[in-house]
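# Tertiary structure, described
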Amino acid sequence: MLSNRQILVLKAIVEEYVNTAEPVSSSSLVNNYGLDYSSATIRNEMASLEKEGMLEKTHTSSGRIPSEKGYRLYVDELLKDD
């Protein structure tokens, strides 16, 4: 089960990735989505979401992109919230 903060981070990552088609960094989430967390906190949540299979890294030092499982959760659950 994902925490509310993880859900916010996942939703922002999916939306940013859909808009830019580029891996998403923690700093871009802080700057573009006004998340009230530090970049370090968001990176920790991104790592947790990656372990859950919701996100993937394309390169060692890159941001993250949504996985198929992350997209599925977004479409099935998070789009209803808009």
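Anything mentioned here points back to the structure above.
The present account deals with the structure reproduced in this document.

### Overview of the nonpolar core
V9, L10, I13, L29 and L49 are the most contacted members of the largest nonpolar core, which has 16 residues in total. Elements with a minimum of two residues in this core: helix 1 (4–20), helix 3 (39–51) and helix 4 (68–78). Among the elements that line this core, the one with the most residues is helix 1, at 5 residues. Contact partners of V9, with chain neighbours within four places excluded, come to L29, L35, I42, E45, M46 and L49.

### Examining the pattern of salt bridges
Considering all chains together, one arrives at 3 salt bridges under this definition. Across the salt bridge formed by E45 and R5, the nearest N and O atoms sit 2.7 Å from each other. Placement of the pair is E45 in helix 3 and R5 in helix 1, with a sequence separation of 40 residues. The class for R5 is partly exposed, based on a relative accessible area of 32%. As a salt-bridge pair, R72 and D76 come within 3.1 Å of each other at their nearest N and O atoms. Taken together, the residues span about one helical turn, with R72 and D76 both in helix 4 at a distance of 4 residues.

### What about helix 1?
An α-helical segment advances 3.6 residues per turn. Residues three or four places apart therefore align on the same side. Between the first and last C-alpha of helix 1 there are 24 Å, a value that for 17 residues agrees with the 24 Å anticipated at 1.5 Å per step. For helix 1, the elements touching its buried residues are helix 2 (26–33), helix 3, strand 1 (55–57), strand 2 (64–66) and helix 4. Of the residues one or two after helix 1, A21 is the one with positive phi, at around 60 degrees.

### Here we look at the side chain of Q6
As for its position among the elements, Q6 is in helix 1. Those residues within four positions of Q6 in sequence are excluded, and the remaining contacts are M1, E45, S48 and L49.

### A short note on the side chain of E16
Along the chain, the position of E16 falls in helix 1. K11 is the oppositely charged side chain nearest to the buried, salt-bridge-free E16, at an N-O distance of 14 Å. Those residues within four positions of E16 in sequence are excluded, and the remaining contacts are A21, V24, N32 and Y33.

Rules used throughout
- By convention here, each chain's residues receive numbers from 1 onward along its written sequence.
- Reporting of local features is limited, given that this is a predicted model, to residues whose pLDDT is at least 70; pairs of side-chain atoms are given and counted only at 80 or more, and all residues count toward the totals for whole chains, interfaces and linings.
- The basis for every side-chain value is the complete set of non-hydrogen atoms in the structure, without hydrogens or water.
- Definition used in this section: a nonpolar core is a set of buried Ala, Val, Leu, Ile, Met, Phe, Trp, Tyr and Cys residues joined via side-chain atoms within 4.5 Å.
- Exposure classes here rest on a 1.4 Å probe applied to the protein chains alone. A residue is buried below 20% of its type maximum, exposed above 50%, and partly exposed in between.
- Each helix corresponds to a stretch of at least 4 residues labelled H or I by DSSP, and each strand to a stretch of at least 2 residues labelled E; elements are numbered beginning at the N terminus.
- Contacts were defined at the residue level, with two residues in contact if any of their heavy atoms lie within 4.5 Å.
- Each reported salt bridge corresponds to a side-chain nitrogen of Lys or Arg within 4 Å of a carboxyl oxygen of Asp or Glu.
- Any helix carries an expected span of 1.5 Å times its number of residues minus one.
- Neither His nor the chain ends contribute to the count of charged residues, in which Lys and Arg are positive and Asp and Glu negative.

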